[in-house]
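Here are the chains, one letter per residue:
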Amino acid sequence: MALLRPVAFLLFAAFSSPSAHAADLRLEDFFKGKTYAYGSFGAITGLSRSFRVDLTGTVRGKVLTLREDFRYDDGERDTKTWIFTRTGATTYSGTREDVVGETTVRLSGNTARFTYRVDLNPGGEPNIVRFHDKLVLKDDGTLRNTALVTKFALPIARVRVNFAPTLEGARAIKP
């Protein structure tokens, strides 16, 4: 009987320990290590592009560095790196090389929202657009991002990106 108590306790602990439910969204938890995504971009001009993203996240203290390696269906490749710093229980500040200024990410349950300005023509005549991102952590452990892109407050494009911890998982939820 004494031997059964530790076994029962271990089983109870294993099945009752906190797991990553949708209400527990934390960027550093989801993006630490390797993550994969597929996405699509569609503009009001008719331009559309599909892409795959291989992400590598490293966490040091309150800082998540998230490298995004893009592979577009037309063969183009690009790399962007987000630096997210946790500034509170439900907030982060974020920067990226093409983002003008800083963004504030706000968490609420399973959802993260942030807006930021991007210069689509760095080094040339500025072409500034604003992204309005909404990331939702699903119960299956995937993360869905929808973004509205605006210029002068008018919608000009939509972006959908679906993230998963494995390449197969990302492929299965490809937008």
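Parameters and conventions
Residues numbered from 1 in each chain as written. Predicted model: local features only at pLDDT ≥ 70, side-chain atom pairs only at ≥ 80, totals over all residues. Heavy atoms only, no water. Helix = DSSP H or I, 4+ residues; strand = E, 2+ residues; numbered from the N terminus. Buried < 20%, exposed > 50% of the residue type's maximum accessible area, 1.4 Å probe, protein only. Contact = heavy atoms within 4.5 Å. Areas by Shrake-Rupley, 256 points an atom, 1.4 Å probe, with all protein chains shown as cover. Pairing = 2+ DSSP bridges. Phe/Tyr/Trp six-rings, centres within 6.5 Å; stacked < 30°, edge-to-face > 60°. Lys NZ or Arg CZ within 6 Å of the ring centre and 35° of its normal. pLDDT = per-residue confidence, 0-100.

### Remarks on the overall build of the chain
Part 1: Within the chain, the secondary structure is distributed over three helices and 11 strands.
Part 2: Counted from the first residue to the last, the chain has its helices and strands arranged as α-α-β-β-β-β-β-β-β-β-β-β-β-α.
Part 3: Buried positions account for 37% of the 175 residues belonging to the chain.
Part 4: The contacts of the chain with a sequence gap of at least 6 include a subset with a gap of at least 24, amounting to 31%.
Part 5: Summed over all atoms, the accessible surface of the chain reaches about 10500 Å², with 57% contributed by carbon and sulfur.

### Details of the pairing of strand 8 (residues 111-119)
Part 1: Inspection of the sheet shows strand 6 (residues 99-100) paired to strand 8 by two bridges, in the antiparallel sense. The residue of strand 8 that forms the bridge with Val100 is Arg117.
Part 2: Here three bridges tie strand 7 (residues 103-108) to strand 8, and the two strands are oriented antiparallel to one another. Within strand 8, the position partnered with Ser108 by the bridge is Thr111.
Part 3: By the bridge criterion, nine bridges tie strand 8 to strand 9 (residues 128-137) in an arrangement that is antiparallel. Residue pairing for strand 9: Val118 is matched across the bridge by Val129.

### Section: the packing of aromatic side chains
Part 1: This model, assessed by the stated rule, comprises 11 aromatic pairs.
Part 2: With a centroid separation of 5.1 Å and 85 degrees between ring planes, the pair formed by Trp82 and Tyr116 is classed as edge-to-face. Here the residue Trp82 occupies a position in strand 4 (residues 77-88), and Tyr116 occupies one in strand 8, the gap between them amounting to 34 residues.
Part 3: One aromatic cluster is present, formed by Trp82, Phe84, Phe114, Tyr116 and Phe131 through successive ring pairs.
Part 4: We note Arg49 situated over the ring of Tyr72; from NZ or CZ to the ring centre the distance is 4.0 Å.

### Quick notes on the confidence of the model for the chain
Part 1: This prediction gives the chain a mean pLDDT of 89; 87% of its residues lie at or above 70.
Part 2: Predicted confidence is poor over residues 1-22, with pLDDT under 50, and the contacts of this stretch with residues over four places away or in other chains come to seven contacts.

### Observations regarding the pairing of strand 9
Part 1: As paired elements, strand 9 and strand 10 (residues 143-151) share eight bridges and run antiparallel to each other. Counterpart to Arg130 in the pairing with strand 10 is Thr150.
Part 2: Hairpin connection, strand 9 to strand 10: the antiparallel pair is bridged by five residues, and Gly141 has positive phi, about 90 degrees.

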